[in-house]
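Here is what each chain is made of, one letter per residue.
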Amino acid sequence: MSAEARAGRLGFFTLGRLAWRNLRRNRRRTWITAVTVAVAVLLMQFAMALMMGVERQSFDNLINYQTGHAKVFANGYYAAREDLPLDRGIAAAETLQVRLRAVPGVQATAARLTFQAQLSNGSDQLPCVGIGIDVGGSDTDVFRIPQAVTDGAYLEPDRLGMLIGGGLAEVLGVGLGDWLTVLAKTLNGAFEAVDLEVVGVLGTGNPAIDRGTFLVPLALAQTMLAMPGAATEIAVRFRPAAREGATLGRLRAAAAESGLDARGWREIEFDFLALVSAKRTGRTVALVVFLTVALVGVTNTILMAAFERTREIGMLMALGLRGSGVRRLFLAEGALLGLLGGAVGTLVGAVLIAWLAVSGLDIASVYGDLDIGYPVQDRIYTAFDAGALLFGWLLAVALAALASLYPAARASRLDPVEALRHV
Amino acid sequence: MTAAARLTDVRKTYRVGDLEVPAVRGVSLEIEAGAFMAIAGPSGSGKTTLLNLLGALDTPTGGAVEIAERPTAGLSARELADFRGAHLGFVFQTFNLIPVLTARENVELPLQLQGVGDRAERRERVERVLTDVGLADLMDRRPTELSGGQQQRVAIARALVKRPTLVLADEPTANLDSATAGEIMALMRGMNERLGTSFVFSTHDPLVMEHARRLVRLHDGLVKSDERRDGGSGVR
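Once that is clear, we can look at the overall build of chain B. When helices and strands are tallied, chain B shows 7 helices and 10 strands. Against the 2.2 N^0.38 benchmark of 18 Å for 236 residues, chain B shows a C-alpha radius of gyration of 17 Å, consistent with a compact globule. Across its three principal axes, chain B shows a C-alpha extent of roughly 50 × 40 × 40 Å. Out of the 236 residues belonging to chain B, those deemed buried represent 47%. A fraction of 70% describes how many contacts in chain B between residues 6 or more apart in sequence connect residues 24 or more apart.

This is the structure in structure tokens:
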């Protein structure tokens, strides 16, 4: 920097050194302020990690229990998917899967047959969604249904059994070993009924599944609905290392060649993702407001420091320090408080977050059965994200500097003559 | 000889509520380059106000102040700050060193403000001036580890390090015992003679006045007497 441009200001390092030593003048006050900053930053970091953990878990939940990474449909099915139209199914599901598995980045595929049904316990009848899953085959390569069986066991290929969502089982008053009648309209429009034993109860944490879905062996569903060898969708799981966007692009191309329509999970769950994004924005605003309020202590500390050093400010101005230089001096002190307090808060937060990222937090014991608005199971795990931690820390620095803006601006407007007279 | 500063019918009036209080009521003075001048007078005679005007800390309500041949009228706060940084040095009654900085760092501050970018050059200049004021062995002490006289020596070094046109000292010895006060005056006089830097200081101590080569007495905001003692007293 040229001498002209630097005139009336102090360099970065001089400023930092001066700020550090000035903070050490009143150590107790500095520590009290830094600890408040640390606690606020700790809470913010923890809240962010928890929210991020819940988000990630809810995404995993959707992928593991509901959508896979992508689904391939017959043309026209996706637009009409609310009606679960059987006449827009995929006829030769097996051969198609072989082709899809050859797409680079694809790890596994599974055919599913989703249909509308009524479930009856003999006295009550409820409309639900039934899904035929490839029990002996590849469903577990794409989905993680066995992990969600909270009671009983997973399906067996040749057994007349069903897995039923926990909420649905409760409403129907059924448990393991009870029989339910499944009533559904076949592809031809005829009604078909079959009695199935409840072999397992599902607790995925996802209300769409737990409160309204039952799973049956795919072959059974195909027979019942008069759709041998057919499916309504092929669910696809990508390899862990595969890049999602690129793999999806290739999958789309391969599906299009077969006259089919591939959709990524983010598209299928668009509504949920929009909700998550809105919640995230609201939360971020709330956290920034919280942190700003918590940092009022910094404002007070800098205000007092500036007051105590009024004559010193006058002297510096006499030496040629411009008002902007005075402002920078106190902004640096505030920012340094944020840097120190933020470092402590972030470090302690990082340890706590790392611990809960492994051991998890039992939300059932905290919230009971309360629906927290995300499809997650009983334990939630914090997300340990170094980038997010760094962001939280820098946010604290920026907000601490912002909190010292007022006292710094006030000090910068002092009249040197008045300031020098200050006792 | 060019003037270090020139005051032409300078007036300064302060407003206290609805009251107008005249502190300086029409002072004309020319301070020649290399001057060693005392401004004396009782409290309220306008010494400090005059010094603030000469120090570009304040601007007059009437008349003209020129420092290093440049008028200060119409300069903004920022321009005044830059002007002080470039041309003026200050020594205060209460020393006003920054307590968290060492003597060396305190003296380096004006150079940093001036943007003397070369660290080696700054170091060299700081050490030279601190040696000149007799603190070669105490450069790394903080103000609290120095006596009053030593602190004032640091302050003089701080005022001189940027080689200003004019050094202003407001009652520089008022907080010192008479022996130390004498030493400080001798030091300032010595620096004035060696470097040619002009010094203007205010005082109401007759012993201190004796060191001056020119003595201006103020009364009620007006010059009462202007006495030149060229080749004068020096140290006794």
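Below, the discussion takes up the interface of chain A and chain B. The partner chain B presents 22 residues to the 22 residues of chain A that form the contact. No other element matches helix α13 (residues 310–318) of chain A, which puts 5 residues into the side of chain A that touches chain B. Residues belonging to the side of chain A that touches chain B are distributed by class as follows: 10 nonpolar, 6 polar and 6 charged.

Glancing now at the domain arrangement of chain A. Residue and element names in this part refer to chain A. Looking at chain A, the domain boundaries give domain 1 (3–62 + 273–421) and domain 2 (76–258). Between the C-alpha centres of domain 1 and domain 2 there is a distance of 49 Å. Grouping the amino acids of the side of domain 1 that touches domain 2 by side-chain chemistry returns 2 nonpolar, 2 polar and 1 charged.

Attention shifts here to the environment of I32(A). Residue and element names in this part refer to chain A. The topology assignment puts I32 in helix α3 (residues 27–67). Here I32 falls in the partly exposed class, since 13 other C-beta atoms lie within 10 Å of it. In this structure, the C-alpha to C-alpha distance between I32 and G342, residues 310 residues apart in sequence, is 13 Å.

This part covers the sheet that holds strand β2 (residues 19–32) of chain B. All names here are of chain B. Read across the open sheet, the 4 strands follow the order β2-β1-β4-β5; overall the sheet is antiparallel. Of all the strands in the sheet, just β2 and β5 (70–71) have a single pairing partner and so form its edges. As paired strands, strand β1 (residues 3–16) and β2 are joined by 11 bridges and run antiparallel to one another. Its bridge partner being in β2, V16 is matched across the sheet by L19.

Residues and elements named next belong to chain B. You can see A73 is positioned in the loop between β5 and α2 (77–87). Judged by local crowding, A73 falls into the exposed class, with 11 C-beta atoms found within 10 Å. Put simply, A73 and D58 are 15 residues apart on the chain and 9.6 Å apart in space, counted from C-alpha to C-alpha. Discounting residues that sit within four places of it in the chain, A73 has contacts with T59 and A64.

All names here are of chain B. The strand order across the open sheet built from 6 strands is β6-β7-β8-β3-β9-β10, with neighbouring strands paired in mixed fashion. Each edge of the open sheet is held by one strand with a lone partner, namely β6 (88–91) and β10 (222–228). Adjacent strand axes in the sheet meet at a mean angle of 20°, parallel and antiparallel pairs treated alike. Relative to strand β8 (residues 198–203), strand β7 (residues 166–170) is paired through 5 bridges, and the arrangement is parallel. Paired with V167 across the strands is F199, a residue of β8. Sitting on the sheet, helix α5 (residues 148–160) is in contact with β6 and β7, with an inclination near 170° to β6.

Regions with low pLDDT should not have their predicted coordinates read in detail. When pLDDT is averaged across chain A, the result is 90; 96% of the residues are at 70 or more. The low-confidence segment residues 1–5 of chain A, where pLDDT is below 50, has 4 contacts with residues more than four positions distant or belonging to other chains.

With that settled, the discussion passes to α5(B). Because an α-helix packs 3.6 residues into every turn, residues spaced three or four apart end up facing the same way. All names here are of chain B. An ideal rise of 1.5 Å per residue puts 18 Å on 13 residues; α5 measures up with 18 Å between its terminal C-alpha atoms. In terms of burial, α5 is a largely internal element, 10 of the 13 residues being buried. As for α5, its buried residues are in contact with β6, α3 (103–114), α4 (119–132), β7 and α6 (178–195).

In the case of a regular strand, side chains alternate between the two sheet surfaces. All names here are of chain A. Only one face of strand β6 (residues 179–185) is buried: it carries L180, V182 and A184, and the other face, with W179, T181, L183 and K185, is open. Of the pairings in the sheet, the one linking strand β2 (residues 106–120) to β6 comprises 3 bridges and is antiparallel in character. Paired with Q118 across the bridge in β6 is L183.

Moving on, we get to helix α12 (residues 296–308) of chain A. Residues and elements named next belong to chain A. Over its 13 residues, α12 extends 19 Å from the first C-alpha to the last, a length consistent with the 18 Å expected when each residue adds 1.5 Å. Regarding α12, the residues found buried are G297, V298, T301, I302, A305 and A306. All buried residues of α12 fall inside an arc of 165° around its axis, so they share one side.

Once that is clear, we can look at the environment of N64(A). All names here are of chain A. Relative to the helices and strands, N64 is located in helix α3. Along the sequence, N64 and M315 sit 251 residues apart, while their C-alpha atoms lie 68 Å from each other. Ignoring sequence-local partners within four residues, the contact set of N64 consists of F143 and R144.

Judged by nonpolar contacts, the single largest core of 123 residues is most densely connected at V37(A), A400(A) and V200(B). The element best represented in this core is helix α14 (residues 323–359) of chain A, accounting for 12 residues. Setting aside its immediate chain neighbours within four residues, V37(A) contacts L295(A), V298(A), L337(A), G338(A), G341(A), G342(A), G345(A), A396(A) and A400(A). Core analysis: the second largest hydrophobic core is formed by 69 residues, V199(A), L215(A), L220(A) and L260(A) among them.

Rules of the game
- All residue numbers refer to position in the chain's written sequence, counted from 1.
- Each chain gets a letter, beginning with A, and each ligand a number, beginning with 1, in the order they are written.
- Restriction of local features to residues with pLDDT of at least 70 applies here, the model being predicted, together with a cutoff of 80 or more for giving and counting side-chain atom pairs; totals for whole chains, interfaces and linings are based on all residues.
- Runs of E in the DSSP output that reach at least two residues are strands. Runs of H or I that reach at least four are helices, and both are numbered from the N terminus.
- Atoms counted for the radius of gyration: C-alpha only. Globule rule: 2.2 Å times the number of residues to the power 0.38.
- Each residue is classified by how many other C-beta atoms fall within 10 Å of its C-beta atom, where C-beta atoms are placed from the backbone; a count of 20 or more means buried, 12 or fewer means exposed, and values in between mean partly exposed.
- Whether two residues are in contact is decided by their C-beta atoms, placed from the backbone, lying within 7 Å.
- Residues are grouped as follows: Ala, Val, Leu, Ile, Met, Phe, Trp, Tyr, Cys and Pro are nonpolar; Asp, Glu, Lys and Arg are charged; all remaining types, including Gly, are polar.
- Start and end positions for the domains come from either an automated domain assignment or a database one.
- Strands qualify as paired when DSSP identifies two bridges or more between them.
- For helices, the fitted axis covers only the stretch in contact; all axes are lines through C-alpha atoms, and the angles between them, taken along N-to-C directions, range from 0 to 180 degrees.
- Per-residue confidence from the predictor is reported as pLDDT, which spans 0 to 100.
- Expected helix span is taken as 1.5 Å per residue step, with the number of steps being one fewer than the number of residues.
- The directions from the helix axis to the C-beta atoms are what the arc is built from.
- Structurally, a nonpolar core is described as a collection of buried Ala, Val, Leu, Ile, Met, Phe, Trp, Tyr and Cys residues joined by way of C-beta atoms within 7 Å.

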